[in-house]
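Okay, here's what each chain looks like letter by letter:
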Amino acid sequence: MASLNKVLLIGNLGRDPEMRYMPDGTAICNFSIATTESWKDKNSGQKNEKTEWHNIVMYRRLAEIAGQYLKKGSQVYIEGRLQTRKWQDKTTGQDRYTTEILADEMKMLGGRSGGGTGGGTEYDQTPPSYNESAPSRAPASGGYQGDAPAAGGQSRPAPQKPQSFDDFEDDIPF
C-alpha cells in the first residue's frame, strides 16, 4: 500500500527564525508560522476566526537562507512533511511529543513593506540547484521582448547594460 506525507502551508512567521548549528556544521533553523481560517456562522451571521500554529524545521542551505532573510511577520509558503518527535520533560521526567513540519521547499511571499522579502522567491533542498522543477523566470508578456520589432515594424535600440552593480534599480539580495 502506498503512502504520502506531504504538507503545504502559507502563513506568517510568529517570531524571528532561531538558527543553530550541529557539531558537524549543519545549519538548523526553527520558527513557527500561523495559518488563519475564517468563516461566517450560518445561524448568527457572526464572523469567526481560528488560528493554527505550525512548528517549522529546516536544515542545511535552506535553513541558512531562512535565517538570513525571514523575520517575524514574513509571509512564506512551506512545503514539507510531518514528523512527530518523542522527548522527555527534564522537570517531570514524563514523555512529551512534538509535531513539526520538516521543510524541504520555501517560497518567500509578500512585498518588502508587508514583512516579506520579495515576491515569489523560491528555494528547496534539492541539490545542486535550489529548485530544478521551478518554471523559468522569463519575463511575462509586456516586458522586454529582446530584438522584436516595435509597432510599425521599427526595431528598438538594444538596451544598455548597467556599468556597475550599483546601477541596478532592484535591490533584492538574491
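Scroll up a little and you will see the structure.
Since this is a predicted model, take the numbers as computed values, not measurements.

Novice: Help me out: how do you make sense of the nonpolar core in this one?
Specialist: One recurring pattern in soluble globular proteins is that nonpolar side chains are buried together. Grouped together as the largest cluster of nonpolar side chains are 21 residues, with contacts concentrated most on Phe31, Ile33, Ile56, Met58, Ile78 and Met106. Secondary structure elements with two or more residues in this core: β1 (7–13), β3 (27–40), β4 (47–59), α1 (60–69), β5 (75–88) and β6 (95–109). Contact partners of Ile56, with chain neighbours within four places excluded, come to Leu9, Cys29, Asn30, Phe31, Ile33, Ile78, Ile101 and Ala103.

Novice: I keep staring at the packing of aromatic side chains and nothing clicks. Help me out?
Specialist: Any aromatic ring pair is given by two values, namely how distant the centres are and how the planes are angled relative to each other. All told, the structure shown has zero aromatic pairs when counted by the stated rule. Of note, Lys107 hangs over the ring of Tyr77, and the distance from its end group to the ring centre comes to 5.1 Å.

Novice: Explain α1 to me, please; I cannot follow it from the model alone.
Specialist: The periodicity of an α-helix, 3.6 residues per turn, causes residues three or four places apart in sequence to face the same way. Taken together, the buried positions of α1 are occupied by Leu62, Ala63, Ile65, Ala66 and Tyr69. Axial view of α1: buried residues confined to an arc of 165°, hence all on one face. Exposed residues lying more than 90 degrees from the buried face of α1 are Arg60 and Gln68.

Novice: How do you make sense of the environment of Lys6 when you look at a structure like this?
Specialist: Along the chain, Lys6 turns up in the segment before β1. Taking the C-alpha atoms as reference points, Lys6 and Leu102, 96 residues apart in sequence, are found 9.8 Å from one another. Setting aside anything within four residues of it in sequence, one finds Lys6 in contact with Glu79 and Gly80. Of note is the side chain of Lys6, whose polar atom sits 2.8 Å from the side chain of Glu79.

Criteria and cut-off values
- Residues numbered from 1 in each chain as written.
- Predicted model: local features only at pLDDT ≥ 70, side-chain atom pairs only at ≥ 80, totals over all residues.
- Heavy atoms only, no water.
- Core = buried A, V, L, I, M, F, W, Y, C linked by side-chain atoms within 4.5 Å.
- Buried < 20%, exposed > 50% of the residue type's maximum accessible area, 1.4 Å probe, protein only.
- Helix = DSSP H or I, 4+ residues; strand = E, 2+ residues; numbered from the N terminus.
- Contact = heavy atoms within 4.5 Å.
- Phe/Tyr/Trp six-rings, centres within 6.5 Å; stacked < 30°, edge-to-face > 60°.
- Lys NZ or Arg CZ within 6 Å of the ring centre and 35° of its normal.
- Arc of directions from axis to C-beta.
- Polar contact = N/O pair within 3.5 Å; in protein donor to acceptor, adjacent residues only side chain to side chain.

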